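# Structural overview
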Amino acid sequence: MGDIDPAFIQSIEHRPKAKVVEAGQIPIIDLSESREELILKIEKACEEWGFFQIINHGVPSELSRRIEIEGKKFFEQSTEEKRKVKRDEFNAMGYHDGEHTKNVRDWKQVFDYLVENTALLPSSHEPHDLELMTLTNQWPQNPPHFRETLEEYAREVEKLAYKLLELISLSLGLAGDKFNGCFKNQLSMVRLNYYPPCPFPDLTLGVGRHKDSGALTVLSEDDVGGLQVKRKSDGEWIPVKPTPNALIINVGDVFQVWSNDKYESVEHRVVVNSERERLSIPFFFFPAHHVVVKPAVELVNEKNPAKYREYNFGKFFANRNRSDFKKRDVENIQIHHFRILD
């Protein structure tokens, strides 16, 4: 990860240590169950946790193993080789290792790629700026089967995401295809997160506390573990124990707004390991750049008025992308900025 700023180490040595509770596993849902059972269990999991694990999900375990192998091959290459496909402020796709930031905030390296290979994105977050820019995948020459494997994985998980989109919509009492049109020309992407062994795991995080900005996230991870979820009932951090051949699902900010707060996008974070490397692969199911996100009209009435003003997802995404790249010392845009105050 390069040289670490001593001031950074000193600052995190004295930060408060968050309490972590070792019990309270998030729900595990078998997707081979009847639709009626699935809808009830997903509704309960989304309301109580915002997270759940799924088994019998249809994504081949052999494919999951292959993408882990290809991912580790890529990250084991030299820094010079990986930076041939380095992302920048204008194209967020490709490799990133935090080298442009002053301090190491997240102990990881990443490789991002779009599900649809190219995607349109507003060139800025300004409300009246209509100019669009194109995001494009950057593929390395090595490993030789890297692109083929990653594109196959994206197609399989995309199919699963649409199935989950339908089930979550039904659990809200909405039509199963209510939101399908929002994902034509989608901004959805897959991220390979690589966490090297960390010499001071108690002093830093793989990923700091955050919420996901999309509709939902489908996460595959190896057996090392490290994901922690902030439990809604008491605010405690709950480690998510890896379940063989399971995928971890969480609803994001978009579904929080669509559901008018019935479902909450929950904070989570990743801790690092001092002995073992870790690889995780989240699929972020993002709407298209032109989609206007607002509470579903079917869920809004006089007794339950809209809790959010509408916002353009593309401009929201563009704002967060610029902020994440520059690591600005200001708060990143959040959906609470669109909340309608009582």
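Predicted, not measured: the structure shown is a model, and the values here were computed from it.

Turning our eyes to something else, we now look at empty space enclosed by the protein. Going through the model one piece at a time under the given rule, you end up with one cavity of 30 Å³ or more. The calculated volume of the largest cavity comes to roughly 40 Å³. For the largest cavity, the full set of lining residues is Y195, P196, V224, G225, V271, V272, N273, R276 and R278. Here the residues of the lining of the largest cavity are counted per class, giving five nonpolar, two polar and two charged.

On to the sheet that holds strand β4 (residues 109-114). Judged by pairing direction, the sheet is mixed, and its eight strands sit side by side in the order β1-β2-β12-β9-β14-β7-β4-β3 without closing on themselves. The strands lining the two open edges of the sheet, one partner per strand, are β1 (28-30) and β3 (94-96). The mean inter-strand angle of the sheet, taken between neighbouring strand axes irrespective of direction, is 25 degrees. Relative to strand β2 (residues 51-55), β1 runs parallel, the two sharing three bridges. Each bridged residue has a counterpart across the sheet, and for D30 the counterpart in β2 is I55.

On to the sheet that holds strand β10 (residues 227-230), then. Taken together, four strands build an open sheet; the order of strands is β8-β13-β10-β11 and the sheet is antiparallel. Two strands close off the open sheet at either side, each with one partner strand: β8 (207-210) and β11 (237-239). Taken over all neighbouring pairs, the strand axes of this sheet differ in orientation by 20 degrees on average, direction set aside. The pairing of β10 with β11 spans three bridges and is classified as antiparallel. The residue bridging Q228 from the neighbouring strand is P239, located in β11.

Another aspect to go through is the confidence of the model for the protein. Predicted confidence across the protein gives a mean pLDDT of 87, with 85% of residues reaching 70 or more. Of the regions scoring below 50 in pLDDT, residues 6-18 engages in 17 contacts with residues more than four places distant in sequence or in other chains. Below pLDDT 50 for its whole length, residues 100-104 participates in eight contacts with residues either more than four positions away or in separate chains.

Side-chain pairs of opposite charge can arise whenever the charged atoms involved come near each other. Taken as a whole and judged by the stated rule, the model has 22 salt bridges. The salt bridge partner of E47 is K262, with a shortest N-O separation of 2.6 Å. Of this pair, E47 sits in helix α2 (residues 35-48) while K262 sits in the loop between α6 (253-258) and β13 (268-270), placing them 215 residues apart in sequence. Taking relative accessible area as the criterion, E47 reaches 34% and is therefore assigned partly exposed. For E151, the salt bridge is made with R147, and the minimal N-O distance between the two is 3.1 Å. Here E151 pairs with R147, and both are found in helix α5 (residues 146-171), just four residues apart, close to one helical turn.

Rules behind the numbers
Residues numbered from 1 in each chain as written. Predicted model: local features only at pLDDT ≥ 70, side-chain atom pairs only at ≥ 80, totals over all residues. Heavy atoms only, no water. 1 Å grid on protein atoms, 1.4 Å probe; cavity = no way out; pocket = protein on both sides within 12 Å on 5 of 7 lines; lining within 4 Å. Points joined across faces, edges and corners; volume = space filled by probe spheres on them. Nonpolar A, V, L, I, M, F, W, Y, C, P; charged D, E, K, R; others polar. Pairing = 2+ DSSP bridges. Helix = DSSP H or I, 4+ residues; strand = E, 2+ residues; numbered from the N terminus. Axes fitted to C-alpha atoms, helices over the stretch in contact; angles between N-to-C directions. pLDDT = per-residue confidence, 0-100. Contact = heavy atoms within 4.5 Å. Salt bridge = Lys/Arg side-chain N within 4 Å of Asp/Glu carboxyl O. Buried < 20%, exposed > 50% of the residue type's maximum accessible area, 1.4 Å probe, protein only.

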